[in-house]
Amino acid sequence: MLYDWISQLKFQYPWVFAALLLLPLFAWLYLRKEKKRSPFLVVSTVRSFREKSWKQRLTWLLPALRMLAIACIIAALARPQARFEQRRSEGEGIDIILCMDASGSMGSRDIAPSRMEAAKEVAAEFVRSRPVDRIGLVVFAGESFTLCPLTGDRNMLLTQIDQIDIRQYDNMRGTVIGEGLAKAVERLQKSNSKSKVVILLTDGKEDPPETRIIDPLTAIEIARAKSVKVYTIGISGEVAPAAGISKGASNPAADFLDEALLTNIATSTGGQFFRAKDKDGLSKIYRQIDRLEKSKVETFYSSRSEERYFPFLLAALVAVFLEQVLRFTVFRRFP
């Protein structure tokens, strides 16, 4: 507790501490004066006075208290203060929906530790970098779900991102990119923001179940009608040619990502398509989107100072008081 209190201190006049270099001089003058005041007796031998009493062993206590008092006064003159700073961000933000694929293939480990874990970590970094935007979260697999509506509560959103678990959607076969996009646009429908953005991330292509309602082309038209800009990200690692496949031939694993569809979604709505082949590449994409969609942010700083010299003056007074009490009681000398 004392350490925390001291660590908060800032001294307005730190150069005053140079006076501490005079303490040895003060100590020498003090001891010299005390020596002159001490009575003395001439004896033929000092053999009988070699044994020291506890009072003699504690004679250093008086000058120590005097030096402590002087040091505390010097510290008080340096004007100790505790400063408290506050930071507040205001501005015109952008409403953003993170639309993330949560199908089983997102558990692939071609991007360490897995596609989904890498996507979650980078999305969380992106959220922390947008101090004034409202951001929401939609996931899709065989169906689409809103995990977090548009909110300025960063902690709640980060918790929802961290808790995305593709195992929850194992019983939902297929991937409905169109319905995921439509759900994200729906979450922006009541937004009054001048800029409305969806960041759609997937590692596959439209693989609809029979229950699908909205196809990707319809979702594009909905996004355009609502003036929603869509950035699309295709995520999967570099896929080496499989055994028995000659170089340059088609590889089904590499062709799984529907780049044509993602490019169409992005260009039709005024956004861009990005390809992420590893976690670093994904981070760079989010940073690029962050630069493309800048919010008008103003940061205000305020600080206040609280004077903390009184405890040092009180300590000096206590030290002087103890010195005087001990001088005229325990260490009193005659005459």
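Treat the numbers as computed from the prediction; the structure is a model and nothing was measured. Numbering of residues begins from 1 in every chain and follows the order in which that chain's sequence is written. The predicted origin of the model limits local features to residues at a pLDDT of at least 70 and limits the giving and counting of side-chain atom pairs to 80 or more, whereas totals for whole chains, interfaces and linings rest on all residues. Side-chain numbers come from the whole structure's heavy atoms, not from hydrogens or water.

A few points about helix α4 (residues 61–77)
Line of reasoning, step 1. The helix count covers DSSP runs of H or I at least four residues long, the strand count covers runs of E at least two residues long, and both are numbered beginning at the N terminus. Every helix has an expected span of 1.5 Å times one less than the residues it contains. For α4, built from 17 residues, the straight-helix expectation of 24 Å at 1.5 Å per residue is met to within 8% by its first-to-last C-alpha distance of 24 Å.
Line of reasoning, step 2. Here's how the labels work: a residue is buried when its accessible area is under 20% of the maximum for its type, exposed when over 50%, partly exposed in between, all with a 1.4 Å probe on protein chains only. Buried within α4 are the following residues: Leu62, Pro63, Leu65, Met67, Ala69, Cys72, Ile74, Ala75 and Ala76.
Line of reasoning, step 3. Positive phi shows up at Arg79, right after α4, with a value of about 60 degrees.

Considerations on the side chain of Asp133
Line of reasoning, step 1. Tracing the backbone through its elements, the reader meets Asp133 in the loop between α5 (115–128) and β4 (134–140).
Line of reasoning, step 2. For this analysis, a polar contact is any N or O atom pair within 3.5 Å, provided that within protein one partner can donate a hydrogen and the other can accept it, and provided that sequence-adjacent residues contribute only side-chain to side-chain pairs. Separated by 2.5 Å, the side chains of Asp133 and Arg130 make a polar contact.

Details of the pairing of β4
Line of reasoning, step 1. For β4, the buried fraction is high: 6 of the 7 residues fall into the buried class.
Line of reasoning, step 2. At least two bridges found by DSSP between two strands are what make those strands a pair. Taken together, the 7 bridges between strand β3 (residues 95–101) and β4 define a ladder with parallel strand orientation. Residue Asp101 lies in a different strand from β4, and its bridge partner there is Phe140.
Line of reasoning, step 3. Orient the strands so they point away from the viewer, and a crossover whose first-strand-to-second-strand path over the helix runs clockwise is right-handed. For the crossover from β3 across α5 to β4, the handedness is right-handed.
Line of reasoning, step 4. Taking the residues that link successive antiparallel strands as the turn, the β4-strand β5 (residues 144–151) hairpin has 3 residues.

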